[in-house]
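A closer look at the structure
The chain contents come next:
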Amino acid sequence: MAADLTSFHACLRSSSRILALVGAGLSASSGLPTFRGAGGLWRNHDAMDLATPDAFAADPSLVWQFYSARRAAALRASPNRAHYALAELARRNPNFLTLTQNVDGLSLRANHPSSQLLHLHGSLFALKCTSFYCDYSDNNNTTHPLTPALADPDSHSFIPAADLPHCPKCHTGLLRPGVVWFGEPLPWSVVHTADSFFEQGKVDLILVIGTSGSVYPAAGYVDRVRAQNGKVAIFNIDVDATDSDEERLLDAPDSERMQWIFKGDAAEWIPKALE
Ligand code: BV8
């Protein structure tokens, strides 16, 4: 049973403070693979196994090829209609904030106001030095490979550390992608800004878009909205709510409905839902 857009639109119009938690499914229609499901493998490696400090320490050549390939794919991709619809909502409502788990940069390229977009897990286009004594970090949106050795991400060849990206400031430190790996804390400034959003007033509604909700603390923001009796709208191509759950959630009278489930492509549903 499709969720009821009419009651959702009424809720959207009556909500003043709105959050969105978005994940890889938001960019799926832009051609970028998700982490789970078919997209979760890169050269027969589980992407989750490569997104760790240990993986980088053990094999910086492999991990840099993984991120170099994803940089190139993200630069080739274009934002889809859902990215633009979220950016438009942010322009309409200063009390709307997008929490993105995505590192692909597509929300920014859709002109989402940056003051209303928190990158919980960093960005493919951020770099930082791994040298303990160096504080270098910078954004780097260059469309060409960061070093000649990274020019062919499909080469499968081992790249000596000397041919991997190095710090332009200390000249000795190996650079790493400016993403949050598993086991690493989210950027303090991002967590502080998200916490402040909750402290400034009750969050009336959270849009949960294209995410498996399997990564914490990001997924925990949905629980925080529920704990405030906020409403939840899930947009996912593959919701696993059982029929009884879905019926229960969707059959509640409008006034009592606390959740909507919109099953399908975010690029199709989000523009309709936010119009
Ligand atoms: C930390 C950057 C502590 C790198 C990523 C409880 C509390 C706190 C931590 C934990 C906890 N339990 C476990 C942990 C540890 C861990 C964790 O959550 N593990 C999981 C696997 C159980 N968390 C951490 O390590 C975090 N750090 O807790 O630090 C700490 C504190 C102080 C000091 C030291 C340490 C850090 C987590 C961040 C990891 N980095 N990304 C990179 O990108 O390479 S997360 C990574 O996975 C991505 O960013 C992405 O966000 C995430 C995958 O999630 P999704 O985006 O949801 O993608 P997924 O493929 O799973 O799902 C896609 C969904 O879309 C699906 O549901 C699908 O059906 C749907 N879909 C597909 N197509 C469409 C669609 N929907 C709509 N339309 C479509 N077309």
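Structure first, text after, so check above.
Quick caveat: nothing in here was measured; it's all calculated off a predicted structure.

**Quick word on the sheet that holds strand E1 (residues 18-22)**
Taken in spatial order, the six strands line up as E5-E4-E1-E9-E10-E11 in an open sheet, and their pairing is parallel. Both edges of this open sheet fall to strand E5 (117-119) and strand E11 (259-263), since each of them pairs with a single strand only. Neighbour to neighbour, the strand axes of the sheet diverge by 15 degrees on average, direction disregarded. Inspection of the sheet shows E1 paired to strand E4 (residues 96-100) by five bridges, in the parallel sense. Within E4, the position partnered with leucine 21 by the bridge is leucine 99.

**What about the packing of helix H7 (residues 188-199) against helix H8 (residues 220-227)?**
Following both chains from N to C, one finds H7 and H8 inclined at 15 degrees, their axes separated by 12 Å at the closest point. Here H7 lies roughly parallel to H8, going by the angle between them. Every pair of crossing elements has a handedness; the one defined by H7 and H8 is right-handed. Contacts between H7 and H8 involve Val191, Ala194, Asp195 and Phe198 on the former and, on the latter, Tyr221, Arg224 and Val225. Across the contact of H7 with H8, the residue classes tally to five nonpolar, no polar and two charged.

**Remarks on the nonpolar core**
Residues Trp64, Tyr67, Leu175 and Trp181 are the most contacted members of the largest nonpolar core, which totals 32 residues. Put simply, the parts of the chain that give this core at least two residues each are helix H2 (47-50), helix H3 (53-58), helix H4 (60-76), strand E6 (122-129) and strand E8 (175-179). What tyrosine 67 contacts, discounting residues up to four positions off in sequence, is Leu50, Ala51, Leu124, Pro177, Val179 and Trp181. Residues Ala233, Phe235, Phe262 and Trp269 belong to the second largest nonpolar core, which totals 25 residues.

**Re H8**
Every buried residue of H8 is listed here: Gly220, Tyr221, Val222 and Val225. Following H8 by one or two positions, asparagine 229 has its phi on the positive side, about 65 degrees.

**Some words on unusual backbone geometry**
Across the junction of tyrosine 216 and proline 217, the peptide omega takes the value 0 degrees, indicating a cis bond. Here proline 217 shows up in the loop between strand E9 (205-209) and H8. The backbone of asparagine 111 shows a phi angle near 60 degrees, a positive value even though the residue is not glycine. Within the secondary structure, asparagine 111 is located in the loop between helix H6 (106-109) and E5. On the basis of relative accessible area, asparagine 111 is assigned to the exposed category, the value being 53%. Even without a glycine there, the phi angle at asparagine 229 is positive, about 65 degrees. Within the element layout of this structure, asparagine 229 appears in the loop between H8 and strand E10 (231-236). Residue classification places asparagine 229 among the exposed residues on the basis of a relative accessible area of 54%.

Calculation notes
Residues numbered from 1 in each chain as written. Predicted model: local features only at pLDDT ≥ 70, side-chain atom pairs only at ≥ 80, totals over all residues. Heavy atoms only, no water. Pairing = 2+ DSSP bridges. Helix = DSSP H or I, 4+ residues; strand = E, 2+ residues; numbered from the N terminus. Axes fitted to C-alpha atoms, helices over the stretch in contact; angles between N-to-C directions. Parallel < 35°, antiparallel > 145°, perpendicular 65-115°, else oblique. Left-handed = near helix turned anticlockwise from the far one by under 90°. Contact = heavy atoms within 4.5 Å. Nonpolar A, V, L, I, M, F, W, Y, C, P; charged D, E, K, R; others polar. Core = buried A, V, L, I, M, F, W, Y, C linked by side-chain atoms within 4.5 Å. Buried < 20%, exposed > 50% of the residue type's maximum accessible area, 1.4 Å probe, protein only.

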